[in-house]
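# Structural overview
Chain by chain, the residues:
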Amino acid sequence: AQSVTQPDIHITVSEGASLELRCNYSYGATPYLFWYVQSPGQGLQLLLKYFSGDTLVQGIKGFEAEFKRSQSSFNLRKPSVHWSDAAEYFCAVGVSRRGSYIPTFGRGTSLIVHP
Amino acid sequence: DAGVIQSPRHEVTEMGQEVTLRCKPISGHNSLFWYRQTMMRGLELLIYFNNNVPIDDSGMPEDRFSAKMPNASFSTLKIQPSEPRDSAVYFCASSLQGPQPQHFGDGTRLSIL
């Protein structure tokens, strides 16, 4: 069965510092991969997605992620973090099931940004 | 464009009462999902629909939970009778069919006293 692991429950960075959030997945076929962000009191918003092609994908808000098949990873990066980036981040792998693609979500990583 | 609309945003009720959560998906989306989010369990998929038809309800925790999608623009999640352990944030999401990202509503924060 597919699974997604986000090994870091919390990450604290200083504003302006670089960021990398880790995500590892387990899935037998070519995965469809997503990163979502959730701000307090809101639903999840798509940051970026990987379906195929270039393994480095660009997303909104200056985020990017790199798919590494050999490491079963899809880590999220940002070169310079802003205070408004403080939120919960979820990695997900989309799995084909009964004609639909159902995402399996990781448990999330909470990003704390210090001024 | 209007996103996924959920109502109510907050619901506080006493245990034993019936609770109905509502969702309007994005127009043109033909897949709809209901999730529950708690600190203990994270984000759990409860049920999903394709073209208004329930496809997989294996995530529905008990028979007290039911969901319907009478048409392409409306879905409900009902809990009857409600219990304190049902307290959570419930999200509705919609998407185009296929390997497409989901669009989430802002959720309903449910508190059962």
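Up top you'll find the structure we're talking about.
Residues numbered from 1 in each chain as written. Chains lettered and ligands numbered in written order. Predicted model: local features only at pLDDT ≥ 70, side-chain atom pairs only at ≥ 80, totals over all residues. Heavy atoms only, no water.

### So, unusual backbone geometry
That bond from Ser7 of chain B to Pro8 of chain B is cis: its omega, -10 degrees, falls within 30 degrees of zero. Relative to the helices and strands, Pro8 of chain B is located in the loop between β1 (5-7) and β2 (10-13). A cis amide bond links Gln80 of chain B to the next residue, Pro81 of chain B, at an omega of -10 degrees. In this structure, Lys61 of chain A is a non-glycine residue whose phi angle is positive, near 60 degrees. As for its placement among the helices and strands, Lys61 of chain A is situated in the loop between β7 (56-58) and β8 (64-68). In this structure Lys61 of chain A comes out as partly exposed when scored by relative accessible area, which is 44%. In this structure, Asn51 of chain B is a non-glycine residue whose phi angle is positive, near 50 degrees. (Helix = DSSP H or I, 4+ residues; strand = E, 2+ residues; numbered from the N terminus. Buried < 20%, exposed > 50% of the residue type's maximum accessible area, 1.4 Å probe, protein only.)

### Here we look at the interface of chain B and chain A
Contacts between chain B and chain A engage 25 residues on the former and 21 residues on the latter. Taking both sides of the interface into account, the surface hidden between chain B and chain A amounts to around 1800 Å²; carbon and sulfur atoms contribute 54%. Three residues, Pro99, Pro101 and Phe104 of chain B, lead the burial of chain B against chain A; their summed loss comes to 27% of the area buried on that side. Our count for the contact surface shared by chain B and chain A stands at 0 salt bridges. Inspection of the region where chain B meets chain A yields 6 residue pairs in polar contact (both at pLDDT 80 or more). Every element with two or more residues in the side of chain B that touches chain A is listed here: β4 (31-38), β5 (42-50) and β6 (53-56) of chain B. Here the side of chain B that touches chain A takes 5 residues from β5 of chain B, the largest share from any one element. Among the residues forming the side of chain B that touches chain A, the class breakdown is 12 nonpolar, 9 polar and 4 charged. (Contact = heavy atoms within 4.5 Å. Buried area = accessible area lost by both parts, 1.4 Å probe. Salt bridge = Lys/Arg side-chain N within 4 Å of Asp/Glu carboxyl O. Polar contact = N/O pair within 3.5 Å; in protein donor to acceptor, adjacent residues only side chain to side chain. Nonpolar A, V, L, I, M, F, W, Y, C, P; charged D, E, K, R; others polar.)

### Things to note about the sheet that holds strand β8 (residues 74-79) of chain B
All names here are of chain B. Overall, antiparallel pairing links the 4 strands, which are arranged β1-β3-β8-β7 in an open sheet. What marks the edges here is a single partner per strand, and that holds for β1 and β7 (65-71). Taken pair by pair, the neighbouring strands of this sheet meet at an average axis angle of 15 degrees, ignoring direction. Judged from the 5 bridges that link them, β7 and β8 form a sheet pairing that is antiparallel. Residue pairing for β8: Phe65 is matched across the bridge by Ile79. (Pairing = 2+ DSSP bridges. Axes fitted to C-alpha atoms, helices over the stretch in contact; angles between N-to-C directions.)

### Some points on the state of the cysteines
Counted according to the given criterion, the structure contains 2 disulfides over all chains. Two residues, Cys23 of chain A and Cys91 of chain A, share a disulfide whose sulfurs are 1.9 Å apart. Handedness of the Cys23 of chain A-Cys91 of chain A disulfide follows from its S-S torsion of about -65 degrees: it is left-handed. Of this pair, Cys23 of chain A sits in the loop between β3 (19-21) and β4 (24-26) while Cys91 of chain A sits in strand β10 (residues 87-97); the two residues are 68 residues apart in sequence, bridging distant segments of the chain. Just as Cys23 of chain A is buried, Cys91 of chain A falls in that class too. With a sulfur-sulfur separation of 1.9 Å, Cys23 of chain B is cross-linked through a disulfide to Cys92 of chain B. Measuring handedness by torsion sign, the sulfur bridge of Cys23 of chain B and Cys92 of chain B sits at about -65 degrees and is left-handed. (Disulfide = S-S within 2.5 Å.)

### Overview of the pattern of salt bridges
Using the criterion set out here, one finds 12 salt bridges over all chains in the structure. Its salt-bridge partner being Arg77 of chain A, residue Glu64 of chain A comes within 3.2 Å of it at the nearest N-O pair. Of this pair, Glu64 of chain A sits in strand β8 while Arg77 of chain A is found in strand β9 (residues 73-78), placing the two residues 13 residues apart along the sequence. In this structure, Asp86 of chain B and Arg64 of chain B form a salt bridge, with 2.7 Å as the shortest nitrogen-oxygen distance. Placement of the pair is Asp86 of chain B in the loop between β8 and β9 (88-95) and Arg64 of chain B in the loop between β6 and β7, with a sequence separation of 22 residues.

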